[in-house]
Amino acid sequence: MRTESKAMKFIKVQCNILDLNPKALYEQSKTLLLFYQHVIWAVKSRAVDLRKEITGTYGMELNTALIYLSDLAPTATRSCFEAQVNHLFEDKWLIELADIALRLVNNYPLSGEEYTRLLQLRFMDGTPRTDTQVAEVLTLERSTYYERKKEAILLFGISLWGFVLPTSLTTYERVSNLGMKEEKFFDMISGNLSQKISS
């Protein structure tokens, strides 16, 4: 039997601290990443343009979308989840939230850059790749790759559901009446998370 990695021990401790169920978190995160891969990746190449195109202000729709995502049940079918997210989210919101979560994964001290690269290659860039292809690119043995993939998905989940979404909802409550542009709102979330992590 393989011994548990340092990363997996850390993940379980973080899940306990943040009151997140690791199995449910894994399913939530995987569902979101697969959705991102199949639906959102098409606009990922336009993310910079989308940020430039933001001229309006966020409204109750963003708040509703954030609450839905923060309460996402891992048992929801992928098609039901995709339909609801398509209905509630603008592509740029999901891109921003996932990018912020990915930056947190990248900052993880034990192989954060490798986890980030794995997530990007497998789920988040415009080229669909199989697990075998990603393992080859990362020069990882099959068993090591699947272990790292699970850790990466869980770290993404901890970042999103443990930090990004709670910070987004709190920030939204503080600034919802200010008529702030969406771009500034997501910049503020990034800044607030950077302060929390560095302190």
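Model, not experiment: these values are computed from the prediction.

(A) Expanded view of the overall build of the chain. Within the chain one finds ten helices and zero strands. Counting only contacts in the chain whose residues sit at least 6 apart along the sequence, the fraction spanning at least 24 positions is 75%. Only carbon and sulfur atoms are counted for the fraction: they give 51% of the accessible area of the chain, which is about 10500 Å².

(B) Region of the structure containing the environment of F186. Along the chain, F186 turns up in helix α10 (residues 182–198). F186 sits 93 residues away from W93 along the chain, and the two C-alpha atoms are 8.6 Å apart. F186 has contacts with L62, W93, E96, L97 and I100, leaving out every residue within four places of it along the chain.

(C) Geometry of the side chain of S5. Turning to its location among the elements, S5 is positioned in the segment before α1 (6–17). Within the structure, the side chain of S5 is placed 2.4 Å from the side chain of E151, a separation counted as a polar contact. Setting aside chain neighbours within four positions, we find S5 in contact with E147 and E151.

(D) Structural view of the confidence of the model for the chain. Confidence in the prediction for the chain averages 81 pLDDT; 77% of positions are at 70 or higher. Mean pLDDT across the elements of the chain bottoms out in helix α3 (residues 47–53) (46) and peaks in helix α8 (residues 131–137) (97). In this model, residues 44–58 is a region of pLDDT below 50 whose contacts with residues beyond four sequence positions or in other chains number 29 contacts.

(E) Looking closely at the pattern of salt bridges. Enumeration over the complete set of coordinates arrives at five salt bridges. Ionic pairing is found between D131 and R122, a salt bridge with its closest N-O pair at 2.8 Å. R122 shares its class with D131; the two are buried. Across the pair D125 and R129 runs a salt bridge whose closest N-O atoms are separated by 2.8 Å. A residue is classified by how much of its surface remains accessible, and R129, at 21% relative accessible area, is partly exposed. Among the charged side chains, a salt-bridge network with shared partners connects R122, D131 and K149.

(F) Just unusual backbone geometry, in detail. The phi torsion at D19 lies on the positive side, around 55°, for a residue other than glycine. Along the chain, D19 falls in the loop between α1 and α2 (22–44). Even without glycine at this site, S111 takes up a positive phi of about 65°. Locating S111 in the fold gives a position in the loop between α6 (91–106) and α7 (112–124).

(G) View of the nonpolar core. Ranked by size, the top nonpolar core spans 57 residues in total, and within it L119, M124, F156, L160, W161 and F185 carry the most contacts. For this core, the elements supplying multiple residues, two or more each, are α1, α2, α4 (60–70), α6, α7, α8, α9 (142–175) and α10. Looking at this core element by element, the count peaks at 14 residues for α9. Among residues more than four places away in sequence, those in contact with F156 are S29, L32, L33, A98, A101, L102, V105, L119 and M124.

(H) Layout of the packing of α7 against α9. Packing of α7 against α9 leaves a shortest axis separation of 9 Å and a crossing angle of 90°. Viewed along their axes, α7 and α9 adopt a mutual orientation that is roughly perpendicular. Here E114, Y115, L118, L119, R122, F123 and M124 of α7 lie close against α9, whose contacting residues are Y145, R148, K149, E151, A152, I153, L155 and F156. The residue inventory of the contact of α7 with α9, partitioned by class, reads ten nonpolar, no polar and five charged.

What counts and how
Residues numbered from 1 in each chain as written. Predicted model: local features only at pLDDT ≥ 70, side-chain atom pairs only at ≥ 80, totals over all residues. Heavy atoms only, no water. Helix = DSSP H or I, 4+ residues; strand = E, 2+ residues; numbered from the N terminus. Contact = heavy atoms within 4.5 Å. Areas by Shrake-Rupley, 256 points an atom, 1.4 Å probe, with all protein chains shown as cover. Polar contact = N/O pair within 3.5 Å; in protein donor to acceptor, adjacent residues only side chain to side chain. pLDDT = per-residue confidence, 0-100. Salt bridge = Lys/Arg side-chain N within 4 Å of Asp/Glu carboxyl O. Buried < 20%, exposed > 50% of the residue type's maximum accessible area, 1.4 Å probe, protein only. Core = buried A, V, L, I, M, F, W, Y, C linked by side-chain atoms within 4.5 Å. Axes fitted to C-alpha atoms, helices over the stretch in contact; angles between N-to-C directions. Parallel < 35°, antiparallel > 145°, perpendicular 65-115°, else oblique. Nonpolar A, V, L, I, M, F, W, Y, C, P; charged D, E, K, R; others polar.

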